[in-house]
Amino acid sequence: MKDGFISVACGAPKLRLADCACNAEQSFQMMRSAEKAGVKVLVLPELGLTGYTCGDLFYQDALLREAEEGLKTVLEATRNLEVVAAVGMPLRVHNELYNCAVIIQKGRILGVVPKTHLPNYSEFYEKRWFAPAPAEAESLPLLGQEFVPFGAGQVFRCENVPGLVLGFEICEDLWSPDSPSVRMAKDGATIIGNLSASNDVVGKDAYRRQLVTMQSAKLLCGYVYASAGAGESTSDLVFGAHQMIAENGALLAERRFEGGLLVSEIDVQRLGYERRRTQSLGSGNGGCGKVFALTEGKTKLTRHVSPMPFVPEGKEDRDGRCREILLLASLGLKRRLEHTGAKCAVVGLSGGLDSTLAVLITGLAMKMMDRPLSDIIAVTMPCFGTTDRTRNNAVLLAEQMGASLRTVDISQSVRSHFRDIGHDPEDHDLTYENAQARERTQVLMDIANEHGGLVIGTGDLSELALGWCTYNGDHMSMYGVNASIPKTLVRHLVGYLSRDGEEPELHDVLEDILDTPVSPELLPAVKGEISQRTEDLVGPYELHDFFLYYIIRWGFAPGKVFRLAQHALGRKYSREVILKWLKAFYRRFFTQQFKRNCLPDGPKIGTVSLSPRGDWRMPSDAQAAVWLAEVEALS
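For clarity, every value in this text was computed on a predicted model and none was experimentally measured.

K.L.:
Explain the overall build of the protein chain to me, please; I cannot follow it from the model alone.
P.N.:
On a plain count of helices and strands, the protein chain comes out with 20 helices and 19 strands. Overall, the C-alpha framework of the protein chain stretches about 100 × 50 × 40 Å when taken along its three principal axes. A total of 635 residues make up the protein chain; the buried ones form 58% of that total. A sequence separation of at least 24 residues applies to 74% of the contacts in the protein chain between residues at least 6 apart. Only carbon and sulfur atoms are counted for the fraction: they give 49% of the accessible area of the protein chain, which is about 26300 Å².

K.L.:
Would you mind going over the packing of helix 16 (residues 541-553) against helix 18 (residues 575-591) with me for this structure?
P.N.:
Two measures define how a pair of helices packs: the angle their axes make with one another and the distance between the axes. The geometry of helix 16 relative to helix 18 is characterised by a closest axis approach of 10 Å and an angle of 60 degrees between their N-to-C directions. The angle between the axes of helix 16 and helix 18 places the two elements in the oblique class. Crossing hand, helix 16 versus helix 18: right-handed. Across from Leu543, His544, Phe547, Leu548, Ile551 and Ile552 in helix 16, the residues of helix 18 making contact are Val577, Ile578, Trp581, Leu582, Phe585, Tyr586 and Phe589. Tallied by class, the residues present in the contact of helix 16 with helix 18 amount to twelve nonpolar, one polar and no charged.

K.L.:
Help me understand the sheet that holds strand 15 (residues 344-348), please; the structure alone is not making it clear to me.
P.N.:
Hydrogen bonding along the main chain pairs the strands of a sheet, whether they run parallel or antiparallel. Reading across the sheet, the five strands line up as 17-16-15-18-19 and stay open at both edges, with parallel pairing between neighbours. In this open sheet, the two edge strands, each paired with only one partner strand, are strand 17 (404-407) and strand 19 (479-480). Note: strand 18 (residues 453-457) against strand 19, two bridges, orientation parallel. Note that in strand 19 the partner of Gly457 across the bridge is Gly480. Packed onto the sheet, helix 7 (residues 315-340) meets strand 15, strand 18 and strand 19 and runs at close to 155 degrees relative to strand 18.

K.L.:
What should I look at first to understand the pattern of salt bridges in this one?
P.N.:
Where charged atoms of side chains with opposite charge meet at close range, the side chains can pair. Overall, the coordinates contain 36 salt bridges when judged by the stated rule. Between Asp19 and Arg16 there is a salt bridge, with its nearest N and O atoms 3.6 Å apart. One salt-bridge network, in which partners are shared between bridges, spans Asp200, Asp205, Arg208, Arg209, Glu254 and Arg256.

K.L.:
Help me out: how do you make sense of a nonpolar patch on the surface in this one?
P.N.:
Taken together, the side chains of Leu327, Leu331 and Met368 present a nonpolar region at the surface, about 230 Å² in accessible area. Residue position: Leu331 is located in helix 7.

K.L.:
Even after reading the chapter, I still don't get the sheet that holds strand 13 (residues 250-255), so can you show me in this structure?
P.N.:
Within the open sheet, the six strands sit side by side as 8-9-10-11-12-13. Their pairing is mixed. The sheet terminates laterally at strand 8 (155-157) and strand 13, the two strands that pair on one side only. Averaged over neighbouring strand pairs, the angle between their axes works out to 15 degrees when direction is ignored. In this sheet, strand 10 (residues 191-196) lies alongside strand 9 (residues 165-170) in parallel orientation, the contact comprising five bridges. Bridging from a neighbouring strand, Phe168 pairs with Gly193 of strand 10.

K.L.:
What am I meant to see in helix 5 (residues 204-218) here?
P.N.:
A turn of α-helix holds 3.6 residues, and therefore any two residues three or four places apart point the same way. When the terminal C-alpha atoms of helix 5 are compared, their 21 Å separation across 15 residues agrees well with the 21 Å that a helix rising 1.5 Å per residue should span. Burial in helix 5 covers these residues: Lys204, Asp205, Arg208, Leu211, Val212, Thr213, Gln215 and Ser216. Buried residues along helix 5 sit in contact with helix 3 (172-175), helix 4 (180-186), strand 11 (222-227), strand 12 (243-247) and strand 13.

K.L.:
Help me understand the pairing of strand 16 (residues 376-380) in this model?
P.N.:
Residues in a regular strand project their side chains so that they alternate between the two faces of the sheet. Of all five residues in strand 16, five are buried; the element is thus mostly enclosed. Of the two faces of strand 16, the one lined by Ile376, Ala378 and Thr380 and the one lined by Ile377 and Val379 are each fully buried. As a crossover connection, the stretch from strand 15 through helix 8 (residues 353-368) into strand 16 is right-handed. Pairing of strand 16 with strand 17 involves four bridges; the strand directions are parallel. Paired with Ala378 across the two strands is Leu405, which belongs to strand 17.

K.L.:
Could you clarify how one ought to interpret the packing of helix 7 against helix 13 (residues 487-500) in this entry?
P.N.:
Put simply, helix 7 and helix 13 touch, their axes get as near as 10 Å, and they point 95 degrees apart. Comparing their axes, helix 13 and helix 7 come out roughly perpendicular. For the pair formed by helix 7 and helix 13, the contact residues are Lys315, Arg318, Asp319, Cys322, Arg323, Ile325 and Leu326 on the first element and Leu489, His492, Leu493, Tyr496, Leu497, Arg499 and Asp500 on the second. In terms of residue class, the contact of helix 7 with helix 13 is built from seven nonpolar, one polar and six charged.

K.L.:
I would appreciate a short explanation of the packing of aromatic side chains in the present structure.
P.N.:
Centre-to-centre distance and the angle between the planes together describe a pair of aromatic rings. Tallied over the entire structure, the rule returns 22 aromatic pairs. Between the aromatic rings of Phe384 and Tyr432, the centroid separation amounts to 5.3 Å while the plane-to-plane angle is 25 degrees, which identifies the pairing as stacked. Placement of Phe384 in the loop between strand 16 and helix 9 (388-401) and of Tyr432 in helix 11 (residues 430-451) is noted, with a sequence separation of 48 residues between them. A relative accessible area of 3% means that Tyr432 is categorised as buried. Judged by centre distance (5.6 Å) and plane angle (15 degrees), the rings of Tyr550 and Phe556 are stacked. Here the two residues Tyr550 and Phe556 agree in accessibility, since each one is buried. The structure contains a cluster of three or more aromatic residues connected by ring pairs, namely Phe547, Phe585, Tyr586, Phe589, Phe590, Trp616 and Trp627. Across from the ring centre of Trp554, 3.9 Å away, lies the NZ or CZ of Arg270, which sits over that ring. The lysine or arginine in question, Lys560, covers the ring of Phe556, its NZ or CZ lying 4.0 Å from the ring centre.

Rules and cut-offs
- Residues numbered from 1 in each chain as written.
- Predicted model: local features only at pLDDT ≥ 70, side-chain atom pairs only at ≥ 80, totals over all residues.
- Heavy atoms only, no water.
- Helix = DSSP H or I, 4+ residues; strand = E, 2+ residues; numbered from the N terminus.
- Buried < 20%, exposed > 50% of the residue type's maximum accessible area, 1.4 Å probe, protein only.
- Contact = heavy atoms within 4.5 Å.
- Areas by Shrake-Rupley, 256 points an atom, 1.4 Å probe, with all protein chains shown as cover.
- Axes fitted to C-alpha atoms, helices over the stretch in contact; angles between N-to-C directions.
- Parallel < 35°, antiparallel > 145°, perpendicular 65-115°, else oblique.
- Left-handed = near helix turned anticlockwise from the far one by under 90°.
- Nonpolar A, V, L, I, M, F, W, Y, C, P; charged D, E, K, R; others polar.
- Pairing = 2+ DSSP bridges.
- Salt bridge = Lys/Arg side-chain N within 4 Å of Asp/Glu carboxyl O.
- Patch = residues over 30% accessible without salt bridge, like charges linked within 9 Å, V, L, I, M, F, W, Y side chains within 5 Å.
- Expected span 1.5 Å × (residues − 1).
- Right-handed = clockwise from strand over helix to strand, strands pointing away.
- Phe/Tyr/Trp six-rings, centres within 6.5 Å; stacked < 30°, edge-to-face > 60°.
- Lys NZ or Arg CZ within 6 Å of the ring centre and 35° of its normal.

Structural measurements only, silent on function.
Encoded structure:
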């Protein structure tokens, strides 16, 4: 489907135990509902045509015959349905009885997958009735159809949707250390369906959830898990119809103790990218199942797409992320200070968010080494655009932290430089701005030399992506602690330290810094207020961080990034605004690579990094024409 999104569903029909005709009707009605909802892959529960809890009734020819008749009914009733469905039933093959998933589409059987691992402990007695899947797959005449593939480990390829390959396993197969899904993933399966009948006891749902999500992460796949529910015998057990849809370690949708369909979308394009990137699953050319086709179209998105992918949405998760990032960044700096024997750390403190975070991380590193915070030299360097608000906040922050404060007014130095190069100070062009940034870097470097210290970089990941830094100005340092922290996350980190940090006396000044507009303050203030607002010039960082995540982390094309941005942020930003800044992002990202190719060292914090020594290798003279043309076509 368009952009790789495949609509999938778990189904939980209300069955009647051993009433195959009724269960067959429930199954095909659910398939019709799935088709109407645009679902392309549907997974129904284990042994759903008979019920899982039939016990010794599985020995009865009457039940097995009626199950076969029930499947024929399903096939006849769904011959015009495109949805690929997995139906559970007992099936006799070579005088053995197997617990099977029958994979059907348009009234034909694509394949029959028998269960490999049969539980025979506690409440489970499957070896009493069933045989495990045979070692070798074969094609057999089954249920009135010739040459039906029969065997575990089959994969079913969609011939017209790249990357859509299906595999199916049954309940205990997931619990086993050698799950058939491992082999299927190596053979190319990107979506694994699990037909299950897992009863509920206290705490078991959490364990199942971990199994499903971790299997999807380990195999870089989508995992669709449908367990039995209403209608199963409650003589000794309760079945809660646990339904889950996971993708690469993330739980997209979940429901328990309810019937009906649970629908979400799995992004096989994203999974394919990750498999190519990690090269951990091989070529994916094996498997023996039949191919199938789907009508191509645009899948309606119902899955949640976070508007700020770098920032967890729940407070508990967000606070945990903040703690982890601050620990990693400060440990990285601690190691660098120890290795170099630096006598101090020099930080240019502007009163803005980035330099605030940098000095706070530096403070954490100093505490780890049991060094006084006076070993931090915080340098404020007011010039033409500096406002009283930012200067006062910088001074107050340094004083309250206990850092050594130095104020170096660079105005005269910059004016002298203008005279040296013959630049008119009334011409507020790029030279006017960059001269200030480079003078500040020179001051910091020389103070570090004077005191045997390191200059700590303050620029963040978002600025590096956009090239929003002055080459050999704020672009340069001796160690960049913020280099892989995006702007949207910088704000939350400072906010976390304001609320929950160990220095409550910093709260007021940090809150005022958080409330200050983001600005480089390189143009003169107007009536004492900041005149140069970064997001007015380069666009909202909320949008740019969204673009950055999906372009760099997942390699998505412009059209898909735009579609996701509309889905996640369309209520806040118009189509035209999103397109405007998406185009700006690509243009700036390509033209500013030369700055990233000579970055100072800095610790990798998250899954997106632009370090030329680590995650991102790109020539500075690469052309953006292909990407910009696609953005233009969206207009």
